[in-house]
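Commentary on secondary and tertiary structure
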Amino acid sequence: MTRAFAGLALLLASTCLAEEAVDVSGLVSRLGSADAVERCNAAKELEKLGPKAAEAMPALVKALGDSNEGVRRAALHAIADVSGDDPGTAAELMTSSDPERRRQAVAILGMMRSASRKALPALVKALDDPEARVRVAAAQAVVGIGLPAVPSILDAFRTSRNGAGNLYVAIRQSCNPVFVRPFVDALVAEEESDIRPQVSSALLQLLAAAREEIVREMASNDPARRQAVARLLGTRPDLSARHVMTVFQDVPALRPAILDSMERLRVPAAEAVGPLLAGLGEGDAALRARVIELVGAMDPGRAEVQSAVDAGLADADAGVRAAAAFAGVKHDPDRGRAVPRAVRGLADADRGVRLATLRAMAPHLAGDRMLLPRDFAAHLLPGMEAALRGTDPEGRHIAAGALARLRPLERSSLPILMQAAAKDPDAAVRAAAAFALPGAPPGNARGEALDILLDACAEKHPDVRAAACTALATWAPAGTEVARIGERLFEAGNATFRAAAARALGNAAAADAEKARLALKEAAGDDDGEVRGAVAEAMKRLGR
């Protein structure tokens, strides 16, 4: 009985083997069918057989050129499974002169996980293939291998001319968090410093899918690692603000790096101000200054921010005081707070603090707006006048512009402005001071201010000349000033100067209107159209 059963088993086994052999042969025949569906199904059946269908490999390779896309795709998958761990067939296809064959070979290797590791050098080489479709497929295959491919990816960043861009796309599509740690390792490794930009870009591709893994790296015991990741996070505004600000609050060592990235993070003030204020307890003055600068711009009306600004104005470090003065004057809409801060900043012993205060005042001087109501201006005059006498050209320029917004000018400011308009070595300061002179108050000095303004209208420097002519056009002459302007109207060789003088005569008071009209009549035939137009406009304003 036993022998009978044994014989039956052998018979069945041999029958199965024969059937299997017949099946492979039959499937190969079906690959040549005229019916595309039949060819596709045959390739799928061969895929299921795996390495047992090795004899079908030539037919499957031939099917890669099938006219039907479904058949070609099925043949790709079949070759990958039939090859097992042997990348030989795909490697041969990679040497083909046909770019489509090379692309298919790379795709096959990408499906053969274990075998593709053996073919990594060939895949990396394919990152620089002349055909873009081959390069894209190679990048997908390399990234698909996962962690074992990291050294090859880093090598490709260093050596491949075209591979980095395709690798970035493949890394993003992979959504594979296993790359985070080795990429951060490479980001901070001294020997990999030449590829840090590429590694950073690769990590950025993973932010959407591996955000938590990247944020966790910020808690590393290695400060270089924390710093690298913090800077990286700052390049993506869509990163969770809550995560970043929690890290800022809990990990003081990361604060400088996160502050450097705050503008790019675009964290809402409601989420940022509270955690940022924790940085004011740091011994690093530069960090305190940066915190005050940021929170002062984010939420100037918030009580904690007001306290921080006022504390910053009393800080022993000039950089912190400068940041506090700038934030407290530029951003705070409450004049009752801004004025004392500006006065304090302009009186500071440090030139940088004074200049920061002036810079903070400058944006408030746009158009015809004054920085502050006149009753507050008296508090600021000493500081602005001192700045105009100072050695810093930017400070003198801003101070001249600030004083020009006060109409009429303070008598104490006029001599300084006239001196600046006539003799300052910096053209921008001369221009700003000349622009202020029409605001001169009545008195003997007003005539002197007009003479300086008229001289500035003939200046060689175009910016000074332009500012002075613009200012002259707003002058309201009275008495002997009409004659002075009339004389220059005919003497001036510059048409813009003559037009400005004509417009100024049109501003003459009623008592001097006849004198102004007489001067304008003589200029009515000027060779320049702009001057004639200005004369006509002025005559109209004078009532004739």
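Residues numbered from 1 in each chain as written. Predicted model: local features only at pLDDT ≥ 70, side-chain atom pairs only at ≥ 80, totals over all residues. Heavy atoms only, no water.

What follows is about unusual backbone geometry. One non-glycine residue, Cys175, adopts positive backbone phi at about 50°. Using a relative accessible area of 42% as the deciding quantity, one classes Cys175 as partly exposed. (Buried < 20%, exposed > 50% of the residue type's maximum accessible area, 1.4 Å probe, protein only.)

Next up on the list: helix α23 (residues 335-346). Over its 12 residues, α23 extends 16 Å from the first C-alpha to the last, a length consistent with the 16 Å expected when each residue adds 1.5 Å. Along α23, the residues classified as buried are Ala338, Val339, Arg341, Ala342, Gly345 and Leu346. (Helix = DSSP H or I, 4+ residues; strand = E, 2+ residues; numbered from the N terminus. Expected span 1.5 Å × (residues − 1).)

Before going further, it helps to examine the pattern of salt bridges. All chains considered together, the criterion is met by 27 salt bridges. We note a salt bridge from Glu38 to Arg30, for which the minimum N-O separation is 2.6 Å. Among the salt bridges present, the one from Arg290 reaches Glu293, with a minimum N-O distance of 3.3 Å. Highlighted residues: Arg290 and Glu293, both in helix α20 (residues 285-298), separated by three residues, approximately one helical turn. (Salt bridge = Lys/Arg side-chain N within 4 Å of Asp/Glu carboxyl O.)

Time to look at the nonpolar core. Grouped together as the largest cluster of nonpolar side chains are 73 residues, with contacts concentrated most on Leu60, Val106, Ile108, Ile153, Phe157, Leu167 and Phe183. Residues within four places of Val106 in sequence aside, it is in contact with Met94, Leu123, Ala126, Val134, Ala137, Ala138 and Ala141. Residues Ala432, Leu453, Ile485 and Val531 belong to the second largest nonpolar core, which totals 72 residues. (Core = buried A, V, L, I, M, F, W, Y, C linked by side-chain atoms within 4.5 Å. Contact = heavy atoms within 4.5 Å.)

We now examine the confidence of the model for the protein chain. In the predicted model, the protein chain carries a mean pLDDT of 83, and the fraction of residues at 70 or more is 88%. The spread of mean pLDDT over the elements of the protein chain runs between helix α1 (residues 2-30), the lowest at 58, and helix α30 (residues 462-472), the highest at 93. Low confidence marks residues 8-22, where pLDDT is under 50. Its contacts with residues over four positions away, or in another chain, come to one contact. Residue range residues 366-372 is modelled with pLDDT below 50. Its contacts to residues more than four positions away, or to other chains, number 16 contacts. (pLDDT = per-residue confidence, 0-100.)

Our focus in this paragraph is the packing of aromatic side chains. One pass over the full model with this rule turns up two aromatic pairs. Measuring from ring centre to ring centre gives 5.7 Å for Phe157 and Tyr168, while their planes differ by 45°; the resulting arrangement is tilted. Taken together, the residues Phe157 in helix α10 (residues 150-159) and Tyr168 in helix α11 (residues 163-174) connect sequence positions 11 residues apart. The burial state of Phe157 is the same as that of Tyr168; both residues are buried. Seen from their ring centres, Phe179 and Phe183 are 5.4 Å apart, and the 15° between their planes marks the pair as stacked. (Phe/Tyr/Trp six-rings, centres within 6.5 Å; stacked < 30°, edge-to-face > 60°.)

Our focus in this paragraph is the side chain of Arg225. Mapped onto the fold, Arg225 is located in helix α15 (residues 223-233). A relative accessible area of 6% places Arg225 in the buried class.

For the pair helix α26 (residues 393-404) and helix α28 (residues 427-436), the least separation of the axes is 8 Å and the interaxial angle reads 10°. It follows from the interaxial angle that α26 and α28 lie roughly parallel. Taking contact as the criterion, the partners of Pro393, Arg396, His397, Ala400, Gly401 and Ala404 in α26 are, on α28, Ala428, Val429, Ala432, Ala433 and Ala436. Taken together, the residues that form the contact of α26 with α28 break down as eight nonpolar, two polar and one charged. (Axes fitted to C-alpha atoms, helices over the stretch in contact; angles between N-to-C directions. Parallel < 35°, antiparallel > 145°, perpendicular 65-115°, else oblique. Nonpolar A, V, L, I, M, F, W, Y, C, P; charged D, E, K, R; others polar.)

Position of Gln104 relative to the elements: it lies in helix α6 (residues 99-111). The exposure class assigned to Gln104 is buried, which follows from its relative accessible area of 1%. Those residues in contact with Gln104, other than ones at most four positions away along the chain, are Leu64, Arg72 and Leu76.

What follows deals with the packing of α10 against α11. At a closest axis distance of 8 Å, the pairing of α10 and α11 adopts a crossing angle of 140°. Seen from α10, the contacting residues are Ile153, Ala156 and Phe157; seen from α11, they are Ala164, Leu167 and Tyr168. Per-class residue counts for the contact of α10 with α11 are six nonpolar, no polar and no charged.

Attention shifts here to the environment of Ala325. Tracing the backbone shows Ala325 in helix α22 (residues 318-330). A sequence separation of 29 residues divides Ala325 from Gly296, and the C-alpha atoms of the two residues are 9.9 Å apart. Excluding residues within four positions of it along the chain, Ala325 makes contact with Leu313, Val353, Thr357 and Ala360.

Let's shift gears to the state of the cysteines. Under the criterion given, the structure shown has zero disulfides. Left unpaired, Cys469 is separated from the closest cysteine sulfur, that of Cys457, by 3.9 Å. (Disulfide = S-S within 2.5 Å.)

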